[in-house]
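Coordinate inspection notes
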Amino acid sequence: QVQLVESGGGLVQAGGSLRLSCAASGRTSSNYVMGWFRQAPGKEREFVSVVRWSGGIPYYADSVKGRFTISRDNAKNTVYLQMNSLKAEDTAVYYCAATSGSVFYTASRQYAYWGPGTQVTVSS
C-alpha cells in the first residue's frame, strides 16, 4: 500500500503562483509513476502532469504546459507541482496519484493510489 497526502493548496490571485506537495509513504519504490490530476466542480477529473520516480522527462497536459512544473525529491519521498501564471480556470481540487510501472498514464482509472486532494482557488 502507498499513502499519499497533498498540501500547499489555497487562494491566489490570477497570475500568481502556488506549489503543491505530495508526500508518499508506505511501499514506495522507484518503479512508480506519480501523477497530478484536478477536478473542478461539475467536471470530470482531468490529467495535469506525470513523472517517474526514477527520473526522466515529465509529461504535461496542454492546458498547463509552460506554466506548471512537476518535480520530485526521492530523498523526501515527495512530488511537487509548481504552478505559475495561474488562471481562474485552474481552480479545482488537485489530487496526487501513484501507480506501479513506468507508463505515463493520463487516465485516472489507471492509478491505484490517491491522496485526499487539496483545494486550489484562483480569483480573477
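Structure: above.
Residues numbered from 1 in each chain as written. Predicted model: local features only at pLDDT ≥ 70, side-chain atom pairs only at ≥ 80, totals over all residues. Heavy atoms only, no water.

**A look at the packing of aromatic side chains**
Rule in force here: Ring pairs shown here join Phe, Tyr and Trp side chains whose ring centres sit within 6.5 Å, with only the six-membered ring taken for Trp; geometry is labelled stacked below 30 degrees between planes, edge-to-face above 60, and tilted in between. To qualify as a helix, a DSSP run of H or I must reach at least 4 residues; to qualify as a strand, a run of E must reach at least 2; elements of each kind are numbered from the N terminus. Any residue under 20% of the maximum accessible area for its type is buried, any over 50% is exposed, and the rest in between are partly exposed; the area is computed with a 1.4 Å probe on protein chains only. Here, over-ring charges are defined by two tests on the NZ atom of lysine or the CZ atom of arginine: distance to the ring centre within 6 Å, and angle to the ring normal within 35 degrees.
For the coordinates displayed, the defined rule picks out eight aromatic pairs. Residues Tyr-32 and Tyr-113 carry aromatic rings whose centres are separated by 6.5 Å and whose planes lie at 40° to one another, so their mutual orientation is tilted. On the criterion of sequence distance, the pair formed by Tyr-32 in strand 4 (residues 32-39) and Tyr-113 in strand 10 (residues 113-114) is long-range, its members being 81 residues apart. Pair check on accessibility: Tyr-32 and Tyr-113 agree, each one buried. Members of the aromatic cluster, joined through ring pairs, are Phe-37, Phe-47, Tyr-59, Tyr-95, Tyr-105, Tyr-111 and Trp-114. Sitting over the ring of Tyr-95, Arg-45 keeps its end group 3.7 Å from the ring centre. The lysine or arginine in question, Arg-45, covers the ring of Trp-114, its NZ or CZ lying 4.8 Å from the ring centre.

**Some thoughts on the side chain of Thr-78**
Put simply, the test is: Definition of a polar contact: a pair of N or O atoms within 3.5 Å, with one able to donate and the other able to accept a hydrogen when the atoms are protein atoms, and with sequence-neighbouring residues admitted only if both atoms are side-chain atoms. Residue contacts are counted whenever heavy atoms from the two residues lie within 4.5 Å of one another.
When you line up the elements, Thr-78 lands in strand 8 (residues 78-83). Of note is the side chain of Thr-78, whose polar atom sits 2.8 Å from the backbone oxygen of Lys-76. Residues contacting Thr-78, with those up to four places away along its chain left out, are Ser-21, Cys-22, Ala-23, Trp-53, Ser-71, Arg-72 and Asp-73.

**Describing unusual backbone geometry**
One non-glycine residue, Asn-77, lies in the positive phi region at around 50°. Residue placement: Asn-77 occurs in the loop between strand 7 (68-73) and strand 8. A positive phi angle is found at Ser-85, which is not glycine, with a value near 50°. Tracing the sequence through the fold places Ser-85 in the loop between strand 8 and strand 9 (92-100).

**A look at the pattern of salt bridges**
The following threshold applies: Put simply, a salt bridge is a Lys or Arg side-chain nitrogen that is within 4 Å of an Asp or Glu carboxyl oxygen.
A complete count under the given rule lists four salt bridges for this structure. Between Asp-62 and Lys-65 there is a salt bridge, and its shortest N-O distance comes to 3.1 Å. Across the salt bridge formed by Asp-90 and Arg-67, the nearest N and O atoms sit 2.7 Å from each other. With Asp-90 in the loop between strand 8 and strand 9 and Arg-67 in the loop between strand 6 (59-60) and strand 7, the pair connects residues that are 23 residues apart, well separated along the chain. Each member of the pair, Asp-90 as well as Arg-67, carries the same accessibility label: buried. Because the salt bridges share partners, they merge into one network encompassing Arg-38, Glu-46, Arg-67 and Asp-90.

**Here we look at the state of the cysteines**
Where we set the bar: The disulfide definition used here is simple: a pair of cysteine sulfur atoms within 2.5 Å.
In this structure the tally under the stated criterion is one disulfide. The partner cysteine of Cys-22 in its disulfide is Cys-96, sulfur to sulfur 2.0 Å. Measuring the twist about the S-S bond at about -75°, one finds the Cys-22-Cys-96 disulfide to be left-handed. Note that Cys-22 is positioned in strand 3 (residues 18-26) and Cys-96 in strand 9, a separation of 74 residues in sequence. Neither residue differs from the other here; Cys-22 and Cys-96 are each classed as buried.

**Quick notes on the environment of Thr-106**
Within the element layout of this structure, Thr-106 appears in the loop between strand 9 and strand 10. As a C-alpha pair, Thr-106 and Leu-11 span 95 residues in sequence and 26 Å in three-dimensional space. Each residue touching Thr-106, except ones within four places of it in the same chain, is listed here: Phe-37, Phe-47 and Tyr-59.

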